[in-house]
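Breakdown of the fold
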Amino acid sequence: MQHSLVIIGGGYAGTTLVFQLARTPNLRITLIDASPVHLVQAKLHRYLAGDLPFEEVAYDLGRFCTKYGADFVQERVTHVDPLTKHVYTENETFSYDTLVVATGCTSFFPKQIENIHAHTIDVKLPSHLQEAKKRTEALFEDKEHEHTIAIIGGGLSGAEIALELAQKAKRFPHVHIALVEQKPTPLPGMDAHLTKAALKACETLRIKRYHGAFVTAVNDRILRLSDEREVPFSLALFVIGVSPTLPTFTPALPLTPHGLVETDAHYRVRGLESIFALGDIVCSYDANGNQNLPTAQVAKQQAKHVAKTLKALLAKRALPRPKPVINKGVLVDLGGKNAAGLSFGVPLWGKPAYLVKRLVCRLHTRIF
Ligand SMILES: Cc1cc2nc3c(=O)[nH]c(=O)nc-3n(C[C@H](O)[C@H](O)[C@H](O)COP(=O)(O)OP(=O)(O)OC[C@H]3O[C@@H](n4cnc5c(N)ncnc54)[C@H](O)[C@@H]3O)c2cc1C
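No experiment lies behind these values; they were computed from the predicted model shown. (Residues numbered from 1 in each chain as written. Predicted model: local features only at pLDDT ≥ 70, side-chain atom pairs only at ≥ 80, totals over all residues. Heavy atoms only, no water.)

1. Comments concerning the overall build of the protein chain
Assigned secondary structure in the protein chain consists of eight helices and 23 strands. The C-alpha atoms of the protein chain give a radius of gyration of 21 Å, which matches the 21 Å a tight globule of 368 residues would have. Evaluated residue by residue, the protein chain yields a buried proportion of 52% over its 368 residues. Across the protein chain, every contact between residues at least 6 apart in sequence was considered, and the portion connecting residues at least 24 apart equals 63%. Carbon and sulfur atoms make up 53% of the accessible area of the protein chain, which totals about 17,800 Å². Averaging the locations of the 43 positively and 34 negatively charged side chains of the protein chain gives two centres separated by 9 Å. (Helix = DSSP H or I, 4+ residues; strand = E, 2+ residues; numbered from the N terminus. Rg over C-alpha atoms; globule rule 2.2 N^0.38 Å. Buried < 20%, exposed > 50% of the residue type's maximum accessible area, 1.4 Å probe, protein only. Contact = heavy atoms within 4.5 Å. Areas by Shrake-Rupley, 256 points an atom, 1.4 Å probe, with all protein chains shown as cover. Lys, Arg positive; Asp, Glu negative; His and termini not counted. Charge placed at Lys NZ, Arg CZ, Asp CG, Glu CD.)

Listed below in structure tokens is the structure:
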């Protein structure tokens, strides 16, 4: 009898798992995603600023699943019943023997910011990303007026988007880029080597930075900051953080106070042996006991371990030894062919860092 594996979410974790389990005997894989495409989030700033076509950041999940012998269903999962082992979408019901939940995060738009509801473009959603691209293109084309694109949030996503747009704006002097980040530098909390490189790139590319205050309201194309400063803008993109997203589970899954799913060392949901959770929604730790940040490399390593675990379970072999996620480093694009990074603790700069980042992206996208 075939074992039915249902995977919810075709992001970094879900697609890596499909790839690792492709054509496993007696395993039928169904991947369900609300979106028809897998979004390569680590490249989306390069699509937004113009030099990458949409097809290079958004890969067709139907074609991907066909390639690896899996079924693809484009539906949003609304509800899961772990007791009867059923997954519900608006139009269909699926039964499973094993379920993997890999639904990732959605961008965070705090209601406390007045009028933010009119500026909730979530660059993590393919359709919103395309809309953001259309709007930025329109501003670059409108040479009759001065325009400011304001990026709110100077973390990895915000800094990369701001720097890539600023690189493009070198050719369009009527477009200015503003970056609002409450902490004193872009990439707050990251290694000093990276923050220093990001600061230098912001200065070279003439990004107007606003630090030490947060946005309290968005009115009439003006961002109002907590210290009374005002930032005029033509387009505002909020990239101030993400929060885990899950379908409704009845009974509910065990969650940490931050809404992350609690699992054992094999990523099986605590108390539910037939459900695994992966990626940004999971609370996991590195070898030193520090909580892993939600990154693509973490999601992929977890998926590889779950693939081994599932193969062992199907073959009735001993489970593989759990191993903590290894932090291989971080790479940040700084506009154009400039980047900075730390690879296994070794600092990288400029074009070499840029090339390593391209290689890392390619190692993921080659599976499509
Ligand atoms: C702009 C940006 C840049 C980044 N850059 C990097 C980087 O350089 N390096 C790095 O390591 N990490 C980076 N990250 C983080 C990385 O993208 C995430 O950690 C990674 O995507 C997590 O993978 P995941 O599989 O958990 O979730 P995701 O890749 O987010 O995938 C989740 C999937 O689940 C689907 N889904 C959600 N809910 C449902 C539902 N109810 N029903 C059906 N489908 C559903 C979604 O449509 C989505 O396809 C970046 C993130 C962003 C936003």
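2. Structural notes on the domain arrangement of the protein chain
Under the domain assignment, the protein chain is made up of domain 1 (3-104 + 245-327) and domain 2 (116-241). Taken together, the contacts link 14 residues of domain 1 with 15 residues of domain 2. Roughly 1,400 Å² of surface becomes buried between domain 1 and domain 2 when both sides are summed, with 69% attributable to carbon and sulfur atoms. If you look at where domain 1 meets domain 2, you find zero salt bridges. Secondary structure elements with two or more residues in the side of domain 1 that touches domain 2: β3 (37-39) and α2 (44-48). In terms of residue count, α2 provides more of the side of domain 1 that touches domain 2 than any other element does, five residues in total. (Domains from an automatic or database assignment. Buried area = accessible area lost by both parts, 1.4 Å probe. Salt bridge = Lys/Arg side-chain N within 4 Å of Asp/Glu carboxyl O.)

3. Notes on the packing of helix α4 (residues 126-141) against helix α5 (residues 156-169)
Close contact between α4 and α5 brings their axes to 12 Å; oriented N to C, the two are set at 25 degrees. Overall, the two elements α4 and α5 adopt an arrangement that is roughly parallel. Judged by the twist between their axes, the crossing of α4 over α5 is right-handed. For the pair α4 and α5, the contacting residues are Thr136, Glu137 and Phe140 in the first and Leu165, Lys168 and Ala169 in the second. Of the residues belonging to the contact of α4 with α5, the class tally is three nonpolar, one polar and two charged. (Axes fitted to C-alpha atoms, helices over the stretch in contact; angles between N-to-C directions. Parallel < 35°, antiparallel > 145°, perpendicular 65-115°, else oblique. Left-handed = near helix turned anticlockwise from the far one by under 90°. Nonpolar A, V, L, I, M, F, W, Y, C, P; charged D, E, K, R; others polar.)

4. A word on the environment of Gly153
Note that Gly153 resides in the loop between β11 (147-152) and α5. Judged by relative accessible area, which is 7%, Gly153 ranks as buried. Distance from Gly153 to Ala217, taken between C-alpha atoms, is 15 Å for residues 64 residues apart in sequence.

5. A word on the side chain of Arg46
Among the secondary structure elements, Arg46 is positioned in helix α2. Apart from the residues within four sequence positions on either side, Arg46 is in contact with Asp51, Leu52, Glu164, Asp333, Tyr354 and Arg358.

6. Some remarks on the site of the ligand
The immediate surroundings of the ligand are formed by 28 residues, with Ala13, Asp33, Val77, Asp280 and Ala296 found nearest. Interatomic distance of 2.7 Å between a side-chain N/O atom of Asp280 and an oxygen atom of the ligand. In the model, an oxygen atom of the ligand is placed 3.3 Å from a nitrogen or oxygen of the Thr295 main chain. Protein burial of the ligand: of its 1,000 Å² of free accessible surface, 89% is covered by the chains. At the level of secondary structure, the elements contributing two or more residues to the shell around the ligand comprise α1 (12-21), α5 and α7 (296-314). (Near = heavy atom within 4 Å. Polar contact = N/O pair within 3.5 Å; in protein donor to acceptor, adjacent residues only side chain to side chain.)

7. Concerning the sheet that holds strand β12 (residues 175-181)
If you trace the four strands from one edge of the open sheet to the other, you get β13-β12-β11-β17, paired in parallel fashion. In this open sheet, the two edge strands, each paired with only one partner strand, are β13 (208-211) and β17 (235-238). On average, each strand axis in the sheet is inclined to that of its neighbour by 15 degrees, with strand direction left out of account. Both β12 and β13 contribute to a ladder of four bridges, which runs parallel. Looking at β13, one finds that Leu179 is bridged to Arg209. Here α4 sits on the sheet in contact with β11, β12 and β17, set at roughly 145 degrees to β17. (Pairing = 2+ DSSP bridges.)

8. As for unusual backbone geometry
The peptide bond linking Thr250 to Pro251 adopts the cis configuration, its omega dihedral lying at 0 degrees. Inspection of the secondary structure puts Pro251 in the loop between β19 (248-249) and β20 (275-277). Unusually for a residue other than glycine, Lys85 sits at a positive phi of about 60 degrees. Note on placement: Lys85 falls in the loop between β6 (77-81) and β7 (86-89). Classification of Lys85 by relative accessible area gives partly exposed; the value is 29%.

9. Comments concerning the pattern of salt bridges
When charged atoms on two side chains of opposite charge get close, those side chains can pair. Considering all chains together, one arrives at 12 salt bridges under this definition. One salt bridge in this structure joins Arg229 and Asp227, with 2.8 Å as the shortest N-O distance. By relative accessible area, Asp227 is classed as partly exposed at 34%. Across the pair Arg268 and Asp264 runs a salt bridge whose closest N-O atoms are separated by 2.9 Å. Connected via shared salt-bridge partners are Glu131, Lys134 and Arg135.

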